[in-house]
Amino acid sequence: MASTTAADIEKLSFEDALAQLEKIVSQLESGEAPLEKSIELYERGTALKAHCEARLKAAEAKVEKITLSATGEPTGTAPLDVE
């Protein structure tokens, strides 16, 4: 497992970061990793989770909804209400 560095994680796509996070969760749940390794895995997992959340938030900001006229015709787009 690579060391936990912001630059290392920042380069990952959402899918790659999620795959690594799933692997870490599996390793931690197995209970087979020694304590020091578990701590390293947990720290990297936390950083990967934050990265995934940031990527999702950025994607949500780009999503737009289609606006319709009174007759049901598309008239354009508006920002998505994320809340």
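Everything quoted here is computed from the prediction, not taken from an experiment.

Reading the values: the criteria
Residues numbered from 1 in each chain as written. Predicted model: local features only at pLDDT ≥ 70, side-chain atom pairs only at ≥ 80, totals over all residues. Heavy atoms only, no water. Helix = DSSP H or I, 4+ residues; strand = E, 2+ residues; numbered from the N terminus. Buried < 20%, exposed > 50% of the residue type's maximum accessible area, 1.4 Å probe, protein only. Areas by Shrake-Rupley, 256 points an atom, 1.4 Å probe, with all protein chains shown as cover. Salt bridge = Lys/Arg side-chain N within 4 Å of Asp/Glu carboxyl O. Core = buried A, V, L, I, M, F, W, Y, C linked by side-chain atoms within 4.5 Å. Contact = heavy atoms within 4.5 Å.

Some words on the overall build of the protein
Now for step 1: On a plain count of helices and strands, the protein comes out with three helices and two strands.
Now for step 2: Moving toward the C terminus, one meets the helices and strands of the protein in the order α-α-α-β-β.
Now for step 3: Every one of the 83 residues in the protein was classed for burial, and the buried ones make up 16%.
Now for step 4: Taken as a whole, the protein presents about 6300 Å² of accessible surface, with 57% of it coming from carbon and sulfur.

Quick notes on the pattern of salt bridges
Now for step 1: Across all of its chains, the model carries two salt bridges by this definition.
Now for step 2: Here Arg44 makes a salt bridge to Asp8, at a shortest N to O gap of 2.5 Å. Pair noted here: Arg44 is in helix H3 (residues 35-62) and Asp8 is in helix H1 (residues 6-10), with a separation of 36 residues, a long-range link.
Now for step 3: A salt bridge links Lys49 to Glu53; its shortest N-O distance comes to 2.8 Å. Here Glu53 and Lys49 lie together in helix H3, a separation of four residues that amounts to about one turn.

Some details on the nonpolar core
Now for step 1: The biggest cluster of nonpolar side chains holds eight residues, and these are Ile9, Leu12, Ala17, Leu21, Ile24, Leu41, Leu48 and Cys52.
Now for step 2: Taken together, the elements giving at least two residues each to this core come down to helix H2 (14-30) and H3.

A word on the environment of Leu56
Now for step 1: Tracing the chain through its elements places Leu56 in helix H3.
Now for step 2: The spatial distance from the C-alpha of Leu56 to the C-alpha of Phe14 is 8.0 Å, given a sequence separation of 42 residues.

Structural notes on the environment of Glu73
Now for step 1: Tracing the sequence through the fold places Glu73 in the loop between strand E1 (64-68) and strand E2 (74-79).
Now for step 2: Ignoring anything within four residues of it in the chain, the contact list for Glu73 reads Thr67 and Leu68.

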